[in-house]
Protein chains: 2
Amino acid sequence: MEIDSSNQEKSTGSGGGIKAIPRKFKAKVVEIVVKTKKIGQDDPRRVAHSAKVGLALTLVSFLYYFRPLYDGFGQAGMWAILTVVVVFEYTVGGTLSKCINRGFATLLAGALGIAAEYLATLCGENGEPVLLGILVFILATTSTFMRFFPNIKRRYDYGVLIFILTFSLVAVSGYRVNQIIQLAHQRLSTILIGAATCIVISICICPVWAGQDLHNLAATNIEKLASFLEGFGDEFFSFLGDEGSVVASKDDKFFLQGYKSVLNAKATEESLANFAWWEPAHGCFKFHHPWKQYLKTGVLARECACHIEALTSYINSRPQVPSEFYRNIHQPCVKMSLESSKALKDLAGAIKNLTHPCEAETHVKNSKAAANEFKSILENSSLLAIQDDVQEIVPALVVASILINIINCIEKISDSIHELSEKSHFKNANSPEKQQQKQLLHRGIVKPINIDANCNHVAIEIHGKSEDNSSVQATNKGEAVHM
Amino acid sequence: MEIDSSNQEKSTGSGGGIKAIPRKFKAKVVEIVVKTKKIGQDDPRRVAHSAKVGLALTLVSFLYYFRPLYDGFGQAGMWAILTVVVVFEYTVGGTLSKCINRGFATLLAGALGIAAEYLATLCGENGEPVLLGILVFILATTSTFMRFFPNIKRRYDYGVLIFILTFSLVAVSGYRVNQIIQLAHQRLSTILIGAATCIVISICICPVWAGQDLHNLAATNIEKLASFLEGFGDEFFSFLGDEGSVVASKDDKFFLQGYKSVLNAKATEESLANFAWWEPAHGCFKFHHPWKQYLKTGVLARECACHIEALTSYINSRPQVPSEFYRNIHQPCVKMSLESSKALKDLAGAIKNLTHPCEAETHVKNSKAAANEFKSILENSSLLAIQDDVQEIVPALVVASILINIINCIEKISDSIHELSEKSHFKNANSPEKQQQKQLLHRGIVKPINIDANCNHVAIEIHGKSEDNSSVQATNKGEAVHM
């Protein structure tokens, strides 16, 4: 960026005229290089993907370069190249979806095309093109219309396209080509070679799994909501702390922008879920992983982000001098914000580590308790007791009210992720500390005191090696062992 | 639907066994027919589009059917079929974008491919495939990486794809084909024939303009927001009216759901705007119509929809027995809601009719005045004067506060649409009534009393034909004439 700006300075300087053009050109080149570097660094898998496409194309070119292969397939080798170019997608799921669609559609349309061609030859010299024309028109029209069906559009759009293409090619070119069966055979095998090359390279070299990406996206989005709520708690209710914390949180304001990308994640989520549906078992995900559940969670996350958007209007509207009432509701409001942030963080962590979210429920309960505390403050403090201007307390009331909505939303998100956890058999959490505790338990130097069947919470007392009485109830510090 | 349910009843009846299968099949067929009918009726242009694709394919098939054409192009005729299938999009902009991308990419890649082939022949028998392989790898890799650049992805993604395809095909198949120039010429001309067929049919038969669709979408979305605010005003503040109005509004609750589609319109808007960029002048839209401005408006509309989403939580939380304070703030709140609804309706109407939105500003001002009225009620009614429970008034305070945010949002939307109106030279409003008034003005039986230079507002007095003194100040009823 420094180079960029220095170049701009030069070009606006006295140099001018003809000399300015190469400078501008240089600046443009530098800008492109910087941009390219950034795109590559943002996701290095993009570089790998590009090289994979290059490799696949080079490999299928051997159908032309090697004499024995060329003798076998002839010009049909170009269908392998064509297949690689149009079928190789960024994610494994995308590539698989296109390959399977292309394969089946070619097979079906090829067979139908040959049948249509055979039928047409029965109509004699003059009737053949007429009947072929009618058949192509009817099939192309109905197939194109089918692409408007949402279910077909979502998964088989490419297949229908290839179906129209292959049927037309086979039926129409069959009118002029005599050895249509041999032609169809050659094309199908080269298409299969191209598709197989793509699948093998896509899966074996640095695979990009749509499922894994969707999974990470879900966790990241929920984390962004958590970051906002954490930051908001500090930002809106910071007047009670020292001034330093306000200044610090202003530097961190980029946290308050993260939720915006959650609002726009719908399209990405849906396409990833569609691609993930095609993917075989990979990593921790089985073939029938409940991808749809991520979409449900996504809808709820966006709803929550919407409430957060409403909240942002009030970030700068806290009173300069907090009133008595304001001080009273401050504590539960901060608690609501922080506890809901913790709940979301636990949920995001649970998704990330594929563990059962156990602490989220507790945090939701805590935030609900804070909400009730806020409500009871409202109930008990009859307005006669409040000495302030209503206008001053309105922002705080609105913020608290929206926070309560956010808590309801988070409860739904929590339910949805619990459902996801059950459907995909997430294991129970086993953090290193907890494993250490488990080892201690195993060696008999800690004694379990309480087992909660639902979450396999094991509250423990940790005894010192000398077995003195200064035991620490780990439960209070949230250090329960998840089995 | 009736047929469907009766079939379901039958299949769950005692029939069972083998007979149940045809029944289920029949029910499935009926379901598909109903679905097909619905998709066709929702947008009849879909049927037209399907027929257009069928027609285009049948037309390019003549390259095979007609002997003279087949003698000219031979097997290259299949490129025309291929082009039609992959290039024919639903909107004119989509088709044009793909055709232009395909044309230029083929030309450029074809030339580069021939050059690469020539270069490779210089390396001798053994060196040729090696150099070709290296060139294909480098070009495919860099081009694939270029597809990750957002600007290229948005407009030239298809072009880059075709570039890789054509370069590989020409360079690699050039290794085996001697008359490469003739081959390239044949392919290019058939691709041009296919593309030209698509463009002509797409534009001349029932054209679907992406620009027009984007324009309509913008208007519809703003109208949906307006409908919500209108309905919300009735719904939330209806206790003061008679009970009948509450029941009626409950039947109309689907109005309260419309805003949800606004939240999800981003992807559609962006793709339409991209396609619209390629479209020539059509209807009231010039070639350089400011399509980007629709995206800006869309962002603001979604922001507004987000606030509305926050508002929906309070629809059912109005108190059963309205308190004194509640009654006080009722009037300005209803006014805020209704005036902002009117402002949005005027803005939507302005987009629809391509007229300058003049009344919107007045309605925004009115709603702001109502907001100020609400604020002054808050200021003046010291809380000591309020005899109620705070908890009871919190929903109303929150709703009013969110409504104020919505008004700010609508002001931004209004500014954005004013900008759009200026950039695309919308004409000033001329509704039939206003034209009538203009005629009356022309015939001298109405007398202008006030001209507002900004909006060309002409407040008028309408005199009866007998010129008596019972003149009506049309301004009060919003019947100003827009020139």
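This is a predicted model, so every value here is computed, not measured.

Analysis parameters
- Along each chain, residue indices are assigned from 1 in the same order as the chain's sequence is written.
- Throughout, the order in which chains and ligands are written sets their labels, letters from A for the former and numbers from 1 for the latter.
- Restriction of local features to residues with pLDDT of at least 70 applies here, the model being predicted, together with a cutoff of 80 or more for giving and counting side-chain atom pairs; totals for whole chains, interfaces and linings are based on all residues.
- Hydrogens and water are ignored here; the side-chain numbers use all heavy atoms of the structure.
- Helix numbers and strand numbers start at the N terminus; a helix is a DSSP run of H or I with at least 4 residues, a strand a run of E with at least 2.
- Think of it in three bands: residues with accessible area under 20% of the maximum for their type are buried, residues over 50% are exposed, and the middle band is partly exposed, with areas taken using a 1.4 Å probe on protein chains only.
- Whether two residues are in contact is decided by their heavy atoms: any pair within 4.5 Å suffices.
- Here the Shrake-Rupley method, with its probe set to 1.4 Å, supplies the accessible areas, and only the displayed protein chains count as covering residues.
- In this analysis an axis means a line fitted to C-alpha atoms, helices contributing only their contacting stretch, and an angle means the value between N-to-C directions, from 0 to 180 degrees.
- Should the near helix be turned anticlockwise from the far one by less than a right angle, the crossing is left-handed, and should it be turned clockwise, the crossing is right-handed.
- Residue polarity is assigned by list, with Asp, Glu, Lys and Arg as charged and Ala, Val, Leu, Ile, Met, Phe, Trp, Tyr, Cys and Pro as nonpolar; anything else, Gly included, falls into the polar class.
- Throughout this description, a polar contact denotes any pair of N or O atoms lying within 3.5 Å of each other; where both atoms belong to protein, one of them has to be capable of donating a hydrogen while the other can accept it, and for residues adjacent in sequence the pair is counted only when both atoms sit in side chains.
- The copies were overlaid with a least-squares fit restricted to C-alpha atoms from residues scoring a pLDDT of at least 70 in each copy.
- One side-chain nitrogen of Lys or Arg within 4 Å of one carboxyl oxygen of Asp or Glu is enough to make a salt bridge.
- Surface patches are defined over residues having more than 30% relative accessible area and no salt bridge, joining like charges when they lie within 9 Å and nonpolar side chains (Val, Leu, Ile, Met, Phe, Trp, Tyr) when within 5 Å.
- To estimate the expected span of a helix, count its residues, drop one, and scale the result by 1.5 Å.
- Any angle from 65 to 115 degrees is called roughly perpendicular, while one under 35 is roughly parallel, one over 145 is roughly antiparallel, and all others are oblique.
- In summary, the pairing rule links any two rings of Phe, Tyr or Trp, Trp by its six-membered ring, whose centres are within 6.5 Å, and it sorts them by plane angle into stacked for under 30 degrees, edge-to-face for over 60 and tilted for everything else.
- UniProt positions are given in the numbering used here, feature names are shortened, and annotations may be inferred rather than shown by experiment.
- We define the nonpolar core as a collection of buried residues of types Ala, Val, Leu, Ile, Met, Phe, Trp, Tyr and Cys that are connected through side-chain atoms lying within 4.5 Å of one another.
- What pLDDT conveys is the predictor's confidence in a given residue, as a value from 0 to 100.
- Count a disulfide wherever a pair of cysteine sulfur atoms falls within 2.5 Å.

### Some remarks on the overall build of chain A
No. 1: Along chain A, the regular secondary structure elements total 18 helices and four strands.
No. 2: Burial analysis of chain A (483 residues in total) assigns 52% to the buried set.
No. 3: Long-range pairs, those at least 24 residues apart, make up 76% of the contacts in chain A with a sequence separation of at least 6.
No. 4: As presented, chain A carries roughly 22,800 Å² of accessible surface, and 59% of it is formed by carbon and sulfur atoms.

### Quick notes on the packing of helix 7 (residues 124-146) of chain A against helix 3 (residues 45-60) of chain B
Geometrically, a packed helix pair is captured by the angle between its two axes and the distance between the axes.
No. 1: Taken N-terminus to C-terminus, the directions of helix 7 of chain A and helix 3 of chain B make an angle of 145°; their axes are 8 Å apart at the nearest point. Taken as a pair, helix 7 of chain A and helix 3 of chain B cross one another with a handedness that is right-handed. Here Gly133, Val136, Phe137, Ala140, Thr141, Thr144 and Phe145 of chain A of helix 7 of chain A come into contact with helix 3 of chain B, specifically with Arg46, Val47, His49, Ser50, Ala51, Val53, Gly54, Leu55, Leu57 and Thr58 of chain B.
No. 2: Split by residue class, the contact of helix 7 of chain A with helix 3 of chain B holds nine nonpolar, seven polar and one charged.

### A word on the interface of chain B and chain A
No. 1: The interface is formed by 81 residues belonging to chain B together with 81 residues belonging to chain A.
No. 2: At the boundary of chain B with chain A, the tally comes to six residue pairs in polar contact (both at pLDDT 80 or more).
No. 3: Ranked by residue count, the leading element in the side of chain B that touches chain A is helix 3 of chain B, at 10 residues.
No. 4: Here the residues of the side of chain B that touches chain A are counted per class, giving 48 nonpolar, 21 polar and 12 charged.

### Side note on the relation of the copies chain B and chain A
No. 1: Overlay of chain B on chain A (RMSD 0.0 Å): rotation 180°, translation along the axis 0.0 Å. Such a combination of turn and shift is consistent with a two-fold rotation axis.
No. 2: A shared binding surface is used by both copies, with 100% of the interface residues of chain B retained as interface residues in chain A.

### So, the pattern of salt bridges
No. 1: For the structure shown, the criterion picks out 30 salt bridges over all chains.
No. 2: Its salt-bridge partner being Lys352 of chain B, residue Glu223 of chain B comes within 3.1 Å of it at the nearest N-O pair. Pair noted here: Glu223 of chain B is in helix 11 (residues 210-236) and Lys352 of chain B is in helix 16 (residues 324-353), with a separation of 129 residues, a long-range link.
No. 3: A salt bridge links Lys260 of chain B to Glu309 of chain B; the nearest nitrogen and oxygen atoms lie 4.0 Å apart. Of this pair, Lys260 of chain B sits in helix 13 (residues 259-263) while Glu309 of chain B is found in helix 15 (residues 291-312), placing the two residues 49 residues apart along the sequence.
No. 4: Given the relative accessible area of 35%, Lys260 of chain B is considered partly exposed.
No. 5: On the basis of relative accessible area, Glu309 of chain B is assigned to the buried category, the value being 7%.
No. 6: Members of the salt-bridge network, linked through shared partners, are Asp43, Arg45 and Asp213 of chain A.

### Things to note about a nonpolar patch on the surface
No. 1: Where nonpolar side chains cluster on the molecular surface, the patch consists of Leu55, Leu59, Phe62, Phe66, Leu69 and Ile205 of chain A together with Val130, Ile134, Phe137 and Ile138 of chain B and spans about 800 Å² of accessible area.
No. 2: Elements supplying a minimum of two residues to the nonpolar patch: helix 3 (45-65) of chain A together with helix 8 (124-146) of chain B.
No. 3: Looking at the element boundaries, Phe137 of chain B is found in helix 8.
No. 4: Overall, the relative accessible area of 31% leaves Phe137 of chain B in the partly exposed class.

### Considering helix 10 (residues 210-236) of chain A
No. 1: An ideal rise of 1.5 Å per residue puts 39 Å on 27 residues; helix 10 of chain A measures up with 38 Å between its terminal C-alpha atoms.
No. 2: By the criterion of burial, helix 10 of chain A is predominantly enclosed, with 20 of the 27 residues buried.

### A look at the environment of Arg45 of chain A
All names here are of chain A.
No. 1: For Arg45, the location among the structural elements is in helix 3.
No. 2: By relative accessible area, Arg45 is classed as partly exposed at 30%.
No. 3: Residues Arg45 and Leu82, spaced 37 residues apart in sequence, show a C-alpha to C-alpha distance of 23 Å.
No. 4: Leave out the neighbours within four places in its chain, and Arg45 touches Tyr90, Val208 and Asp213.

### Considering the environment of Gly258 of chain A
All names here are of chain A.
No. 1: With respect to the element layout, Gly258 can be found in the loop between helix 11 (243-251) and helix 12 (259-263).
No. 2: According to the relative accessible area criterion, Gly258 is buried, its value standing at 19%.
No. 3: Between the alpha carbons of Gly258 and Leu225 there is a distance of 7.4 Å; along the sequence they are 33 residues apart.

### Focus: the side chain of Asp157 of chain B
No. 1: As for its placement among the helices and strands, Asp157 of chain B is situated in helix 9 (residues 150-173).
No. 2: In this view, Asp157 of chain B contacts Arg147 and Ile152 of chain B; residues no more than four positions away in its chain are not counted.

### Re unusual backbone geometry
All names here are of chain A.
No. 1: One non-glycine residue with positive phi stands out, namely Cys206, at about 35°.
No. 2: With respect to the element layout, Cys206 can be found in the loop between helix 9 (180-204) and helix 10.
No. 3: Looking at Cys206, the relative accessible area reads 46%, which means it is partly exposed.

### A closer look at the packing of helix 6 (residues 92-121) of chain A against helix 8 (residues 150-173) of chain A
Residues and elements named next belong to chain A.
No. 1: Running from amino to carboxyl end, helix 6 crosses helix 8 at an angle of 30°, the nearest separation of the two axes being 7 Å. Considering the angle they form, helix 6 stands roughly parallel to helix 8. At the point where helix 6 passes helix 8, the crossing takes the right-handed sense.
No. 2: Looking at side-chain class alone, the contact of helix 6 with helix 8 contains 13 nonpolar, six polar and four charged residues.

### Regarding the packing of aromatic side chains
Residue and element names in this part refer to chain A.
No. 1: Across all of its chains, the model carries 24 aromatic pairs over all chains by this definition.
No. 2: The interplanar angle of 85° and the centroid separation of 6.0 Å between the aromatic rings of Phe62 and Tyr65 together place this pair among those described as edge-to-face. Of this pair, Phe62 and Tyr65 both sit in helix 3, separated by three residues, roughly a single helical turn.
No. 3: Here Phe62 falls in the partly exposed class, since its relative accessible area comes to 30%.
No. 4: When its relative accessible area of 8% is taken as the criterion, Tyr65 is described as buried.

### Here we look at the UniProt feature "transmembrane region" (unreviewed entry) in chain A
All names here are of chain A.
No. 1: Taken from the UniProt record, the annotation "transmembrane region" (unreviewed entry) applies to residues 47-66, 72-92, 104-124, 130-149, 156-176 and 188-210.
No. 2: What you have in residues 104-124 is 90% helix and 0% strand, and the ends, taken at the C-alpha atoms, are 31 Å apart.
No. 3: Along residues 156-176 one finds 86% helix and 0% strand; the C-alpha atoms at either end are 31 Å apart.

### Observations concerning the nonpolar core
No. 1: Counting 135 residues, the largest nonpolar core has Met336 of chain A together with Met336 of chain B as its most contacted members.
No. 2: When sequence neighbours within four positions are dropped, the list of residues in contact with Met336 of chain B reads Ser367, Ala370, Ala371, Phe374, Ala400, Leu403, Ile404 and Ile407 of chain B.
No. 3: If you look at the next biggest cluster of nonpolar residues, it comprises 96 residues, including Tyr70, Ala105 and Ala116 of chain A together with Ala76 of chain B.

### Thoughts on the confidence of the model for chain A
Residue and element names in this part refer to chain A.
No. 1: Predicted confidence across chain A gives a mean pLDDT of 79, with 77% of residues reaching 70 or more.
No. 2: Residue range residues 240-251 is modelled with pLDDT below 50. Its contacts to residues more than four positions away, or to other chains, number seven contacts.
No. 3: Counted against residues more than four places away or in other chains, residues 440-483, with its pLDDT under 50, gives 70 contacts.
No. 4: Across the interfaces of the predicted complex, the ipTM metric reaches 0.80, alongside a pTM of 0.80.

### Focus on the side chain of Ser168 of chain B
No. 1: Looking at where Ser168 of chain B falls in the secondary structure, it is placed in helix 9.
No. 2: The buried category is assigned to Ser168 of chain B, whose relative accessible area is 2%.
No. 3: Setting aside residues no more than four positions away along its own chain, Ser168 of chain B makes contact with Leu57 and Ile81 of chain A together with Val136 and Ser173 of chain B.

### As for the state of the cysteines
No. 1: Scanning all chains against the criterion turns up zero disulfides over all chains.
No. 2: Unpaired in this structure, Cys198 of chain A has its nearest cysteine sulfur neighbour in Cys99 of chain A, at a distance of 5.3 Å.

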